[in-house]
Amino acid sequence: MLLQTILEGLGLGALLVAVCAIGIRKGAVGMVHLYDPKVQQRCIALGLTTGENIKRNALRFKLICIPTYLAYVLVCVYAINGAQGFGNSFWQCFVILFVMNLIDRFGIDGYWVGHTKAWMIPGTEDLMPYISKADKQKKWLFGTAGMAGISLILAAVGTLL
């Protein structure tokens, strides 16, 4: 069961990578809502986007992607794996989300954003690295404690239903 759950986490990570690839298909400005506010302001000043576009893309991301990710986890844990009980549900939710978080931290943030030009926005090079050390620390904290909290909520809801 652990291997299956890890594979499901890899699937969720692949979904996240696909969302990012789609988001930057016309350039990294398409995902600038994920960047530091200084980068966003520079993109607006350079005429690469508008504040309204940034807000719209951020809202679209929150309304479409986050519920999709959570639904994926719930389908895997309850419909595919048939988890029952709080403890069993919790660890499966946590493993899936934690594997996705590792893909995000190492694969997307660490390699794709940090070591390729795919996420570079012309005119903002002086603001690099786009993900600061403090941001990385926050992401790691949320990726552990935050994913555990989300897993607790999903397991509690699933157990009650």
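Above this text you will find the structure in question.
Colleague: Describe in detail a positive patch on the surface, supporting the description with residues and values.
Modeller: A cluster of like positive charges, contributed by R25, K26, R56 and R60, occupies part of the molecular surface. With respect to the helices, strands and loops of the structure, R25 is situated in the loop between α1 (2–23) and α2 (37–45). For R25, a relative accessible area of 57% puts it in the exposed group.

Colleague: How would you sum up the packing of helix α4 (residues 86–115) against helix α5 (residues 133–160)? Please name residues and give values.
Modeller: α5 packs onto α4 with a crossing angle of 150° between their chain directions and a minimal axis gap of 8 Å. Relative to α5, the element α4 is oriented roughly antiparallel. The way α4 lies across α5 gives a crossing that is right-handed. Here the residues of the contact of α4 with α5 sort into 17 nonpolar, 6 polar and 3 charged.

Colleague: Break down the side chain of D104 for me, with residues and values.
Modeller: For D104, the position within the fold is in helix α4. Under the relative-accessibility criterion, D104 is labelled buried at 17%. What D104 contacts, discounting residues up to four positions off in sequence, is L16, D109 and G110.

Colleague: Please give an account of the pattern of salt bridges that cites residues and values.
Modeller: A complete count under the given rule lists 4 salt bridges for this structure. Here R105 and D109 are joined by a salt bridge, their closest N and O atoms 2.7 Å apart. Here D109 and R105 lie together in helix α4, a separation of 4 residues that amounts to about one turn. Each member of the pair, R105 as well as D109, is classed as buried. Across the salt bridge formed by D109 and K139, the nearest N and O atoms sit 3.1 Å from each other.

Colleague: Can you lay out the packing of aromatic side chains for me, pointing to particular residues and giving the numbers?
Modeller: For the structure on display, the rule yields 7 aromatic pairs. Here Y35 and W119 contribute two aromatic rings whose centre-to-centre distance is 6.3 Å and whose plane-to-plane angle is 35°, an arrangement assigned as tilted. Of this pair, Y35 sits in the loop between α1 and α2 while W119 sits in the loop between α4 and α5, and the two are 84 residues apart along the sequence. You'll find Y35 and W119 in the same group, each marked buried. Grouped by ring-pair contacts, the aromatic residues Y35, W112, W119 and Y130 constitute a single cluster.

Colleague: Tell me about a nonpolar patch on the surface, and name the residues and values.
Modeller: A cluster of nonpolar side chains, L2, L3, I6, L7 and L10, forms an exposed patch at the surface whose accessible area comes to about 460 Å². Under the relative-accessibility criterion, L3 is labelled exposed at 60%.

Colleague: Can you tell me about the state of the cysteines, naming the residues and giving the values?
Modeller: The full count for this structure, using the stated rule, is 0 disulfides. Among the cysteines around C76, which has no disulfide bond, C93 carries the closest sulfur, lying 9.5 Å off.

Colleague: Which residues make up the environment of T5, and what are the values?
Modeller: Within the secondary structure, T5 sits in helix α1. Along the backbone, T5 and G47 are 42 residues apart, and their C-alpha atoms lie at a distance of 44 Å. In contact with T5, not counting residues within four places along its chain, are N81, W91, Q92, V95 and I96. For T5, the side chain forms a polar contact with the main-chain oxygen of M1, separated by 2.8 Å.

Colleague: Talk me through the packing of helix α3 (residues 51–80) against α4; I want residue IDs and the actual numbers.
Modeller: Two elements in contact, α3 and α4, have axes whose closest approach is 10 Å; the angle formed by their N-to-C orientations is 135°. Relative to α4, α3 is oriented oblique. Pair α3 / α4 crosses with right-handed handedness. Each of Y72, V73, C76, V77 and Y78 in α3 lies in contact with α4, whose residues at this interface are S89, Q92, C93, I96 and L97. Looking at the contact of α3 with α4 residue by residue, the class counts come to 8 nonpolar, 2 polar and no charged.

About the thresholds
- Residues numbered from 1 in each chain as written.
- Predicted model: local features only at pLDDT ≥ 70, side-chain atom pairs only at ≥ 80, totals over all residues.
- Heavy atoms only, no water.
- Patch = residues over 30% accessible without salt bridge, like charges linked within 9 Å, V, L, I, M, F, W, Y side chains within 5 Å.
- Areas by Shrake-Rupley, 256 points an atom, 1.4 Å probe, with all protein chains shown as cover.
- Salt bridge = Lys/Arg side-chain N within 4 Å of Asp/Glu carboxyl O.
- Lys, Arg positive; Asp, Glu negative; His and termini not counted.
- Charge placed at Lys NZ, Arg CZ, Asp CG, Glu CD.
- Helix = DSSP H or I, 4+ residues; strand = E, 2+ residues; numbered from the N terminus.
- Buried < 20%, exposed > 50% of the residue type's maximum accessible area, 1.4 Å probe, protein only.
- Axes fitted to C-alpha atoms, helices over the stretch in contact; angles between N-to-C directions.
- Parallel < 35°, antiparallel > 145°, perpendicular 65-115°, else oblique.
- Left-handed = near helix turned anticlockwise from the far one by under 90°.
- Nonpolar A, V, L, I, M, F, W, Y, C, P; charged D, E, K, R; others polar.
- Contact = heavy atoms within 4.5 Å.
- Phe/Tyr/Trp six-rings, centres within 6.5 Å; stacked < 30°, edge-to-face > 60°.
- Disulfide = S-S within 2.5 Å.
- Polar contact = N/O pair within 3.5 Å; in protein donor to acceptor, adjacent residues only side chain to side chain.

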